[in-house]
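Residue strings, one per chain:
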Amino acid sequence: MKNLSILLATIVLGAFTTAHGKEMLGAEALMKRMQADLSGGADAGDPMSKFRKAYKSMESGEQEATPEKWLELFDTFLEIPKNQRNRQNYGSDNLQFAGLFKVLPPSAAWPELRALIDKRPEGELRTACLKLLFDVLATTDGDIAASLETFQKSYQRIADGETSTNLDYYMESMLKRVRRADANTARDLVKMLDSVGPGADPFNGYLEVPDLSKVPKEEAKNLLLRILDYHGKVSFENDLDAARMAAVILENPDKLKAPMWELVKTKEDVALFELFLTKPDKERDVWNKSEAKQIYIVGLLAAGRLEDAQAYLLKLRATKGEENISLNSSLVDELSSGQKPEDLFVLFKDLLTKDPGMDVWPVYLDLAARSGKTEEALAFLKAALGNEGDAAVSQDVRESYSKALLESGKTDAAIAFLRGEVARYSAMDAPTEQEAKAFLNSSLRLIRIGTLLGKNDLVEEGFANADKAVPLERKFSSYHNGVDGGYFDLLLEHGKFAEAEEAVAEELVLKSKTEDQNRRDRKTEMTQLVYVYSKAGHHADVIKLLDEGTMWDAGDLSEINNGSIGDTSLYTIAAEAMLQTGQTEKALSIVKRTLAKNPGNDRAYAILLKIGADGTLDLLDQLAAANPFQERPLIWKAQILADQGKLEEAEKTVMAGIGIDPSDGEQGSGDRMRAYEILADILEKRGDGKKSDFMRGVVKAIRISEKADRWWSAGMTGQALALYEEALKEFADAYCIQSRLALRYSDLGNFEKAAEHYQRAFELMPSSFGRVESHCFGCEGAFSGEIAQQIAEQTFEELAEKTPDNPQVFYLLGYLRESQGKEADAAVQYAKAVELDPLYINAWKKLQAVAEAAKLPAEKVDDISLNIYRLDPKAGTLSKMKNLGKLWDTVLAVDAKLAPEETGPLYPLPESKSASEQDRYHDSEDSRQPRNQLAANNLFQSVIRLVENSL
């Protein structure tokens, strides 16, 4: 025992000598040495340290990125043993192979770089890899097939025929993707088809047909005929080829061996679908077949083949293994364009009489509204409730019935019915998952109705039932996603903070008990919990959870980059709590990071103004300069200027903000139209009461319409319509309210009223849109339906003649053409818009979206991408660009102007741990940052991976 004590004492003192006589360092000295090794102090000359030092010097600009220096860096990277290269990707010091292309010289230096590469010894793998990289960089049209084939031959020769199977497969996959529509396309397809023998399946059951648009017409037709011998699933790169294949099949029905369901794309493809039904089906394409069935039914109905549609639907229901086809109300416009709503109403009533389990009740109810048959539909629905033979059928019918009662204005009847429903569910011993969910939904609906009607007894009754339903519904979830969002929001809306706290705590405990670590991330629940405390005003509890909470599954606030509840972010919750508890500097730090990432966050701006720090106006100017298409920095700057009494400057500033996005539709209820509130205050202080009252009327109209949205969402359409009409009395020129009413009246079958509001909405749109327009809730489908498109067509064409210099008119014409599926025409209109206003970023984005379908030249598509990126680097992406030289030069120019974003730790969560080391500070590497754009380009990214796997 004495010897053991001596031994322990010796170890503690760090003076232990091994049996071989070598003295150990001891814990303290050892830790110092390991820290030195990790920081590179022990051997700064090892390959990894050497690479890091050279890379950082070039990245910072201390060392110029010349061709010679870049090649040295490339060689230094390869000195790192291959099994160590990918161990550098933790934290903000991410130095993987792709990082080499963040410090590449400008494109003007690439020919010199290539000349240096050409001087390198032939027969070396790194030389072949470098040649491939710079061949691809030099391309201007993305045609790199020849370069890949050259590299493949070089690799095989250098590897002496011992190429990796995985590399070969990867190479072939890349070649298949990049080969252009030329003679090689036909050659390669023939080669693949020649390999198809009896029973052979060389494509793993899947054949990708490349673009045949540049193959001679007759040759392409023969290729398509040959494809019909193939029995697997087929996909087409070009939609035009798919349409040509459909025509070939209809001309040669006997050649078809098996259905090609993905070719059924529109309601005109009825004959094609019926031909497919005559062929043996291996069910290899279940998803596309399901889509084709729905299209076929719509096609039959639109063509007037009502009896055939009904017979097919009934046949599906009677066939074992066939799914219950769901037709939703969004199809009603398409159906009605071919048939009268009254005829379709009769058809669907007959269909549901024969089989109430059909999932077509929403369509039936919409048709009833459009046909003036709502009372008849309600009576029919009520009778269907007596069918208790199938619980699932009964459940669907019951939900449709409660909605129909509300929509028809029978609120008392709907409440009575819902009360009966929750009583029925509450009495069940073991409800099914569907019944448990319906129990909760019915309870929440009672709460919402009671809230809108101001009936507190109904609200409390709904909560009492919801409290019973939540644990029943939770039993069926093996993966807990947090407290039901609707229930959680209603608890907070009604100030039931203790109940919300308890609900989240139960969810946290359940998730913490799971053995599946991949499903244990508790950030959502912890964010919900701090949100509860924030809403309750318990800011000290928010700080307590941040400082002592053990369930964040993160080591720092920056690791929860996407944490939010609705439009309230975790960052703003934390900042508000710190401000309220006197930690002003920490609050300011978090708010700055928040606004750098989300410059449209009104709550963060409100906290910033409460802090009132020196330099706030400068910060707002910086945010406005960095985000020229975001109006919020200007709006909040105007607020400060107004508070300081600088009214003229404040008015100019807020008007500049309004000019960016006059409709302000991206903001949530209560925040929208904030600029007009500030403007009203400014005008009042300047003595212009008339204009001030007008602006207050604008804001009042929007607030009334937001209230109407809640009534509409709750299903009480009559009350909602009355509120929308009331809103228009305050401000008749609100395009969004006019658009809402048009859509609402259209849904209810009142097409005359709908047309009236469509007309006014479309007339107002050009003056309501800025360079950034954001559609408000309910306005997104303004161009859907035949009536809307006819009115829009006439209105915009007339406006184009009257105001040929207004870019918004041509933007809207493009939007309309795109909605009609006329992408080429849409591209023409969008191009006119950006010609009139080169800064019209939304028009540029829309032009980019239709470019491929409109078959614009690759150079033109590249220029569109570059224009968007120059205007707004945070929103733009260069991932599809073909000309990589232009890409890189633009990136360098943008990078030189942008201030670097702050990254890394923000606020420690000391009692919690990251779920994975790789999650730490994940916001430090943003693919949208300029110098990441080259390596993130789809074409070059694939080549980088190929080279990285080769070396």
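Note: the structure precedes this text.
In this report, we go over the structure that sits alongside the text.

Basis of the calculations
Residues numbered from 1 in each chain as written. Predicted model: local features only at pLDDT ≥ 70, side-chain atom pairs only at ≥ 80, totals over all residues. Heavy atoms only, no water. Helix = DSSP H or I, 4+ residues; strand = E, 2+ residues; numbered from the N terminus. Contact = heavy atoms within 4.5 Å. Areas by Shrake-Rupley, 256 points an atom, 1.4 Å probe, with all protein chains shown as cover. Phe/Tyr/Trp six-rings, centres within 6.5 Å; stacked < 30°, edge-to-face > 60°. Buried < 20%, exposed > 50% of the residue type's maximum accessible area, 1.4 Å probe, protein only. Lys NZ or Arg CZ within 6 Å of the ring centre and 35° of its normal.

A word on the overall build of the chain
Line of reasoning, step 1. For the chain, the helix and strand inventory stands at 46 helices and 4 strands.
Line of reasoning, step 2. Within the chain, contacts between residues separated by at least 24 positions form 64% of all contacts whose residues are at least 6 apart in sequence.
Line of reasoning, step 3. Of the roughly 45,000 Å² that the chain leaves accessible, carbon and sulfur atoms contribute 50%.

Overview of the packing of aromatic side chains
Line of reasoning, step 1. Here the structure, examined in full by the defined rule, presents 31 aromatic pairs.
Line of reasoning, step 2. Centre to centre, the rings of Phe 74 and Phe 97 are 6.2 Å apart; their planes meet at 65°, and the pair counts as edge-to-face. One end of the pair, Phe 74, is in helix α4 (residues 67-79); the other, Phe 97, is in the loop between α5 (82-85) and α6 (110-118), and 23 residues separate them in sequence.
Line of reasoning, step 3. Since its relative accessible area comes to 0%, Phe 74 is described here as buried.
Line of reasoning, step 4. Measuring from centroid to centroid gives 5.6 Å for Phe 77 and Phe 97, while their planes differ by 50°, and the two rings are tilted. Within this pair, whereas Phe 77 is found in helix α4, its partner Phe 97 is found in the loop between α5 and α6, the two being separated by 20 residues in sequence. With respect to burial, Phe 77 and Phe 97 carry one shared label: buried.
Line of reasoning, step 5. Ring pairing ties together the aromatic residues Phe 51, Tyr 55, Trp 70, Phe 74, Phe 77, Phe 97, Phe 101, Phe 134 and Phe 940, which thus form one cluster.
Line of reasoning, step 6. The ring of Trp 712 has Arg 744 lying over it, and the distance from NZ or CZ to the ring centre is 4.6 Å.

Thoughts on the environment of Glu 525
Line of reasoning, step 1. Relative to the assigned elements, Glu 525 resides in helix α26 (residues 523-535).
Line of reasoning, step 2. Judged by relative accessible area, Glu 525 falls into the buried class, the value being 0%.
Line of reasoning, step 3. Between the C-alpha atoms of Glu 525 and Lys 511, which are 14 residues apart in sequence, the distance is 9.3 Å.

Considerations on unusual backbone geometry
Among all residues save glycine, negative phi is the norm, and among peptide bonds the norm is trans.
Line of reasoning, step 1. One non-glycine residue, Asp 553, lies in positive phi territory at about 55°.
Line of reasoning, step 2. Topologically, Asp 553 is positioned in the loop between α27 (539-548) and β3 (564-565).
Line of reasoning, step 3. The phi torsion at Lys 855 lies on the positive side, around 55°, for a residue other than glycine.
Line of reasoning, step 4. On the accessibility criterion, Lys 855 (56% relative accessible area) is exposed.

Digging into the environment of Ile 864
Line of reasoning, step 1. For Ile 864, the position within the fold is in helix α43 (residues 858-871).
Line of reasoning, step 2. Given a relative accessible area of 0%, Ile 864 falls into the buried group.
Line of reasoning, step 3. Separated by 14 residues in the primary sequence, Ile 864 and Leu 878 place their C-alpha atoms 9.9 Å from one another.
Line of reasoning, step 4. Setting aside chain neighbours within four positions, we find Ile 864 in contact with Trp 844, Leu 847, Gln 848 and Leu 856.

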